Amino acid sequence: MKKLFNVIFISLFSLLFFMIFLIYREQDISNMHNLFGFTDQYENGDIYFQNPLSEEEQNQVIQKVETIANNEDVTIMFAHYEGSTGETSHFHYYVSGKDNFIQQMVPSSVSIPRNFSKGSTYLTTDLNDSNTESIPFFSFYQEATYSVYPISHLMENQEAMRFGFTYFYEDKEDSSYFENVFSTTFREFNIDHQMVHHEVYNSDQALLENTIYISLIMLAFSITFVLFQISNTLKEVAILKLNGYRLKDILLYLFKENIILAALFAMTIPLALTLISFRSINARVLNFLTQVLSVSFLLVGFYALIVLLSMFIIWHVRLSDLLKNKNINQLLTHFIYGTLILTSILVLPIINASVEKLVAVAPYYLEQQYTLKGAGDLYTIQEVNDPKREWEFNQMDYAQGKENIQNEKHIEIYNTLDSMDALYQLSPNVIGGSQWDSDATYLLYQINEKSFEDQVFYVDDEKISVTDKHVINVFMDQATARKEEWQVEQFTQLENVEVTIYLFDQVDYIAYDQEDYRNYDNEHAPIFVYTTHPDAFRPDITAGGLYFDGEKINETKEYLNTMGIGEHLTFRSSKEEQEKLFKDFLYTVRVDLMTFLPGALCLIVLFIAFQKFILLGNQKEWRILKGVGFKTFDLTKPYFMELILLNLLIIAIQYVFLRTILWGSMSLLVFLSLVSYLLMNRESNKIKIN
């Protein structure tokens, strides 16, 4: 029992460390997007430059921004996200405003220089940045870096000025005032106002929920260990009481060593894991360590509380009862059964989402990997670095048929690559149903000739052939077709063009992205729209849904470099996408296991304890009954009925209070019940007849 105690408590404190670490990590992921909660504390507006800015105009914008920031209680920020270089992404923020605003963009443990936005030093989580002007600070999320620069650095990264900036102010009543200030100041740049919204990851709430969860686990473990300790030392306890030992002395005799060990684990395990996990100790790591130690010693306190409450059981232990063969283990069995019921009620809803995710994540991952492998050797454009917006495709001009030099370049490049047979077009769209008040949505792909060659549609086991490639050819499964009164406008915006609909009952298709038609109202597959009509596709070479043939990627890159756009593009291969998917899969599993494992481990221990106490309480009686011919099932039938009662009770409570049955976690409870019953049968078979 002592070894089991050590293993369980070491595991529990280790899991606690990583649970809190993941909370801090998720918070820092959120921090990179909302500047450590800054964007969620203040009202904000977004200024968008509809036209590219010349270098002279960029300088004018910076001057106007600094003037407003000096005269008003407002902070102005330009942002640039830089895609992964190797395994690291970069978030760059350029700010102008008062120090009290900017201080809130970094952890409270980091002090910014006075008049930060007018200086040259900057803040960064990039610990490899050797620039003497950098002020490094620690982040728990190491897959990306986060940097805050004064606005004087902005011209060094013109990409941050590509589209516009965001301004922040404190009082909601000033919205109209600041809207007027910015509209008036920047009206010459053809701006557009937009509102910005952010989702907040509340680490305090997550920490509270996890502390409550792990506390429930600790209480269940504590009750189990304390009851086992009492059961194993009943004679010693009775003799100590007979010799005049007080309850306090008996408790110390039984549990002093365990309490000291628990306190030792609570202190040493977080310290050891901190030293192993972090390269250096800083204010943020110390804050994290303090949090872990606080919760760890809180758990030790819960264990000590259960030990203290056990005096009421010890008070009932008498040597005379033991001499009369009165079995206190039957009383302890009721305590364990009650603990199992209460723990199941409280813990199963918490781990339900993790159970369902863990069951679903592997098939989903395998399906996505199969999709990417089936797509073959493909490349997509991961990032467009075009600060002057020289290669920006103007959708409005294209839709209205206006002349646009940039659009003409895109059209030329698109047509050339298409003629080289280097482009796969698989553009996802979400369309609504035929009724305007319907909530139905359908996943539709627009595909070109090269993509169509990878798709095979069947009806009555025969492959469907297209009669006219130049018209709009729509492929949908028969069940989806029956759902709506489909209109031509749902499939194309082209006028005076024929639309032919093909209904299939089987399809063998390859999707190059990771979109899932089951998230929509499609029955068995996405809808595909195929044509060779020259105006069917938007010839934006940087648009989503465009894939480059890996076998011709070198020719493609060479041609793009010749045209001048190549230097602005960063590509990602399908192999790199698979590696990223695998990394995301492992992270998802790890996060869900941090919730699942403590709860599952707790239930396993409780089932084992319940089974053991049943055996201890009934062993003598079962030995006698086996001697008069009782079968194993006859002996374990009451235990089986108690397990059934447990499962029915949990189902009823979930349905009454949650209005649903959490089948993910209930499947775990049923599984543990069956295993426990089978083990009970095996143990009862070992009981020998005297």
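Here the structure is a predicted model, which is why all the values come from computation and not from measurement.

Thresholds, definitions, all that
- Residues numbered from 1 in each chain as written.
- Predicted model: local features only at pLDDT ≥ 70, side-chain atom pairs only at ≥ 80, totals over all residues.
- Heavy atoms only, no water.
- Pairing = 2+ DSSP bridges.
- Helix = DSSP H or I, 4+ residues; strand = E, 2+ residues; numbered from the N terminus.
- Axes fitted to C-alpha atoms, helices over the stretch in contact; angles between N-to-C directions.
- Contact = heavy atoms within 4.5 Å.
- Patch = residues over 30% accessible without salt bridge, like charges linked within 9 Å, V, L, I, M, F, W, Y side chains within 5 Å.
- Areas by Shrake-Rupley, 256 points an atom, 1.4 Å probe, with all protein chains shown as cover.
- Salt bridge = Lys/Arg side-chain N within 4 Å of Asp/Glu carboxyl O.
- Lys, Arg positive; Asp, Glu negative; His and termini not counted.
- Charge placed at Lys NZ, Arg CZ, Asp CG, Glu CD.
- Buried < 20%, exposed > 50% of the residue type's maximum accessible area, 1.4 Å probe, protein only.
- Domains from an automatic or database assignment.
- Polar contact = N/O pair within 3.5 Å; in protein donor to acceptor, adjacent residues only side chain to side chain.
- Core = buried A, V, L, I, M, F, W, Y, C linked by side-chain atoms within 4.5 Å.
- Expected span 1.5 Å × (residues − 1).
- Phe/Tyr/Trp six-rings, centres within 6.5 Å; stacked < 30°, edge-to-face > 60°.

Caption draft 1: Highlighting the sheet that holds strand β14 (residues 472-477). As summarised here, the arrangement of the eight strands in space is β15-β14-β17-β11-β10-β18-β9-β19, forming an open sheet in which the pairing is mixed. At either margin of the open sheet sits one strand with a lone partner, and together these are β15 (499-504) and β19 (569-573). Within the sheet, the average angular offset between the axes of one strand and its neighbour, ignoring direction, is 30°. Direction of pairing for strand β10 (residues 423-432) relative to strand β11 (residues 441-447): antiparallel, over a ladder of seven bridges. Opposite V430, over in β11, you have L443 as the bridge partner.

Caption draft 2: Here's a closer look at the environment of I501. Relative to the assigned elements, I501 resides in strand β15. Between the C-alpha atoms of I501 and V488, which are 13 residues apart in sequence, the distance is 9.8 Å. In contact with I501, other than residues within four places in its own chain, are V474 and F491.

Caption draft 3: Just a negative patch on the surface, in detail. Taken together, the side chains of E170, D171, E173 and D174 present a region of like negative charge at the surface. With respect to the secondary-structure elements, D171 resides in the loop between β7 (164-169) and α5 (175-185). By relative accessible area, D171 is classed as partly exposed at 37%.

Caption draft 4: The arrangement of the sheet that holds strand β13 (residues 462-463) in detail. Within the open sheet, the three strands sit side by side as β13-β12-β16. Their pairing is antiparallel. The open sheet terminates on both sides in strands that have one partner only, identified here as β13 and β16 (506-508). As defined by bridge partners, strand β12 (residues 456-459) adjoins β16 across three bridges and the pair is classed as antiparallel. Bridge assignment links V456 to a residue of β16, and that residue is D508.

Caption draft 5: Molecular detail of the domain arrangement of the chain. According to the domain assignment, the chain consists of domain 1 (51-189) and domain 2 (392-563). The gap between the C-alpha centroids of domain 1 and domain 2 is 39 Å.

Caption draft 6: Molecular detail of the environment of S419. Tracing the chain through its elements places S419 in helix α14 (residues 405-419). A relative accessible area of 61% places S419 in the exposed class. For S419, the side chain forms a polar contact with the main-chain oxygen of T416, separated by 2.6 Å.

Caption draft 7: Structural detail: the nonpolar core. By size, the foremost hydrophobic cluster in this structure holds 91 residues, and its most contacted members are F9, F13, F288 and Y303. Of the residues forming this core, the biggest block, 15 residues, is contributed by helix α18 (residues 574-627). Discounting residues that sit within four places of it in the chain, Y303 has contacts with F5, F9, M218, S222, V226, F255, N258, I259 and A262. The next biggest cluster of nonpolar side chains, apart from the first, holds 26 residues, and it includes L53, I62, F78 and I151.

Caption draft 8: Structural view of the pairing of strand β18 (residues 546-549). Alignment of strand β9 (residues 378-384) against β18, held across two bridges, turns out to be antiparallel. Residue pairing for β18: L378 is matched across the bridge by D549. With three bridges joining them, β10 and β18 adopt antiparallel strand pairing. By the bridge assignment, Q425 is partnered in β18 with L546.

Caption draft 9: Inspection of the side chain of T224 at higher detail. By the secondary structure assignment, T224 is in helix α6 (residues 203-232). Its relative accessible area of 1% is what places T224 among the buried residues. Apart from the residues lying within four places of it in its own chain, the contact partners of T224 are I336, V605, L606 and A609.

Caption draft 10: Region of the structure containing the pattern of salt bridges. Counted under the stated rule, the structure contains 14 salt bridges. Residues E143 and R25 are paired through a salt bridge, measuring 2.6 Å at the closest nitrogen-oxygen approach. Here R25 lies in helix α1 (residues 2-34) and E143 lies in the loop between β5 (134-136) and β6 (144-150), a separation of 118 residues in the sequence. With relative accessibility at 25%, the residue E143 sits in the partly exposed group. For R25, a relative accessible area of 8% corresponds to the buried category. K580 is paired through a salt bridge with D584; the nearest N and O atoms lie 3.1 Å apart. Highlighted residues: K580 and D584, both in helix α18, separated by four residues, approximately one helical turn. Overall, the relative accessible area of 36% leaves K580 in the partly exposed class. Through salt bridges with shared partners, one network takes in D421, K450, D549 and K552.

Caption draft 11: Structural view of α14. Between the first and last C-alpha of α14 there are 21 Å, a value that for 15 residues agrees with the 21 Å anticipated at 1.5 Å per step. Close packing links the buried residues of α14 with α13 (395-400), β10, β18 and α17 (553-563). Immediately beyond the C-terminal end of α14, within one or two residues, lies D421, with a positive phi of roughly 60°.

Caption draft 12: Spatial organisation of the packing of aromatic side chains. Under the defined criterion, the tally for this structure stands at 53 aromatic pairs. Plain terms: the ring middles of F49 and F165 are 6.1 Å apart, the flat faces sit at 65° to each other, and that makes the pair edge-to-face. One end of the pair, F49, is in strand β1 (residues 43-49); the other, F165, is in strand β7, and 116 residues separate them in sequence. You can call F49 buried: its relative accessible area is 0%. Aromatic pair F49 and F189: ring centres 6.2 Å apart, planes at 70°, arrangement edge-to-face.

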